[in-house]
Amino acid sequence: MKKGMIKATGPFERVVHWCVALSCLFLCITGMAMMYHSLNVIGTLVGGMENLKVLHNYCGIFFAVSLLFTILMWWREAGLFSFPEDMQWIMAAGGYLWKVEKMPEVGKYNPGQKMFFLAVAIFGIVMVASGLIIWFPDGYTVDTLRLMYVLHALGFVVIFAFFFVHLYLVTIGAPGSAPAMFTGWVTRGWVKTQHPKWLKEMEKDGTLIVYGEGKYRK
Amino acid sequence: MNKQLIKLIDLSRCTACRGCQVACKQWNEQPASITHNFGSYQNPPDLEWNTWTLIRFQEIEDAAGKVKWLFRKDGCMHCTDAACVRVCPTEALYHTEFGNVAINTDKCIGCKACIPACPFGVPKLNPATNRISKCDLCYTRLQANQPPACVLSCPTGAITIGDVDTMLAKANKRVKELGGDANVYGDKFVDGTHVLYVLTEKPEVYEHLPAAPKVADSILVWKDVLKPAGLIAAGAVVAGAFLHYITHGPKTPQEESTCEGGKNS
């Protein structure tokens, strides 16, 4: 690790993130294999579509547990909007789409990230609930079951589209972001550009952890 | 060549002998269930994974206050626009060249999606094999140019099979003969079913028979809107991201400061 890097995430955060992310991705792929007939071929990889269905169902349980941790861990930081600056940010589309003269300073999570978090949290719960009812349909009415299939498909549409926004931004869209979820250390320049208010808050509160300083001094 | 077939069930000729019910079990090698008398000749009480056709017994009071006994041979209607085929994730349920809905049990994964999808409550799960089990209009017999077992067994000619136009004409002719509330059921919805009834009463009089069956709106939203929308939305995001990258450009940190002590120089 280079000196001067700033600690953005802890190991627990990163493990939870990857648990929910990878299980979600696996669920998307196996779910698509069942939704789109032309993708039935994916089932071959796991020895048939019935195995794929079973894997999808049990992975759903893993996802549900991971999602629970995700929500408990992040809802305070990423689940609540702070006004009026978040509204300003949204009206300006985060400065991503057109030139904006004065952007409100962003804290630990920008409103775009909050929206992604809320989409995953809310639709994740919808997916878990509808998925469990589809898996164990006994005792539910025909109308309830029909509704569950629609909700399950709707949740997929939302989460899958948001996934690509997330993927773009953490790779080439906002370079320097990805290390936050791999090593946990990001550059000061990145924090200053992406989350300046958070940097100021950490400096003020004395919670800023810099590699090469304090207990991270070599 | 149009090989589409229609099975016509003329309920005015049905005597509820249940020969069809037994013939179905015999040909399709399905065991009987142990049931308890619930005050009706109807047995078993409902369609089951091992009972693909069932004579329903129903008592109604007619306009003159007299008791009327209605019999209806229930079973798969073999819809042209079949909800079960629409929702099946693996194409295990499919239309054959005769227009009937058959099932390839090797492809079935026991997901049970077709059970709530069916407007007639036909598909049932065989819990022992975890596979859906339902009438396939004796597909193997049709392939051998033989009538389905139920048709063959019917002693009164209530169940017959033939090409679409012939059977529709026959049904309409019979309804005209019967007069009163008699009507043809099966030609007016889900693009026509491959099982046609001549009902002696209005459809709503019969138990477990929807007067206006259709592929549920929820299935249309799921399969015709959300299914393509999943790909369109994701595709639009990927295209949008690429456009953003080549027009607006990435949001790159203004300075890469990793210098000694973490301070900006």
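Look up a bit, the structure's there.
Residues numbered from 1 in each chain as written. Chains lettered and ligands numbered in written order. Predicted model: local features only at pLDDT ≥ 70, side-chain atom pairs only at ≥ 80, totals over all residues.

J.: Help me understand the overall build of chain B in this model?
T.: Tallying secondary structure elements over chain B gives seven helices and 10 strands in all. Scaling as 2.2 N^0.38, a compact globule of 265 residues should have a C-alpha radius of gyration of about 18 Å, whereas chain B reaches 26 Å, well beyond that. Along the first, second and third principal axes, the C-alpha atoms of chain B reach 100 × 45 × 40 Å. Put simply, chain B has 265 residues, and 37% of those count as buried. Residue pairs in contact within chain B that sit at least 24 positions apart in sequence constitute 59% of those at least 6 positions apart. (Helix = DSSP H or I, 4+ residues; strand = E, 2+ residues; numbered from the N terminus. Rg over C-alpha atoms; globule rule 2.2 N^0.38 Å. Buried ≥ 20, exposed ≤ 12 C-beta atoms within 10 Å, placed from the backbone. Contact = placed C-beta atoms within 7 Å.)

J.: Honestly, the overall build of chain A in this entry has me stumped. Any pointers?
T.: Tallying secondary structure elements over chain A gives eight helices and two strands in all. Dimensions of chain A, computed from C-alpha atoms along their principal axes, come out at roughly 55 × 40 × 30 Å. Counting only contacts in chain A whose residues sit at least 6 apart along the sequence, the fraction spanning at least 24 positions is 66%.

J.: I keep staring at the nonpolar core and nothing clicks. Help me out?
T.: Inside soluble globular proteins, nonpolar side chains tend to come together where they are buried. If you look at the biggest cluster of nonpolar residues, it comprises 96 residues, and the most contacted ones within it are Ala83(B), Cys84(B) and Cys114(B). By residue number, the principal contributor to this core is helix H5 (residues 142–173) of chain A, which donates 12 residues. Of the domains in this structure, domain 1 (5–213) and domain 2 (216–251) of chain B are the two that each give at least three residues to this core. Contact partners of Ala83(B), with chain neighbours within four places excluded, come to Ala117(B), Cys118(B), Pro119(B), Val215(B), Ala216(B) and Ile219(B). (Core = buried A, V, L, I, M, F, W, Y, C linked by C-beta atoms within 7 Å. Domains from an automatic or database assignment.)

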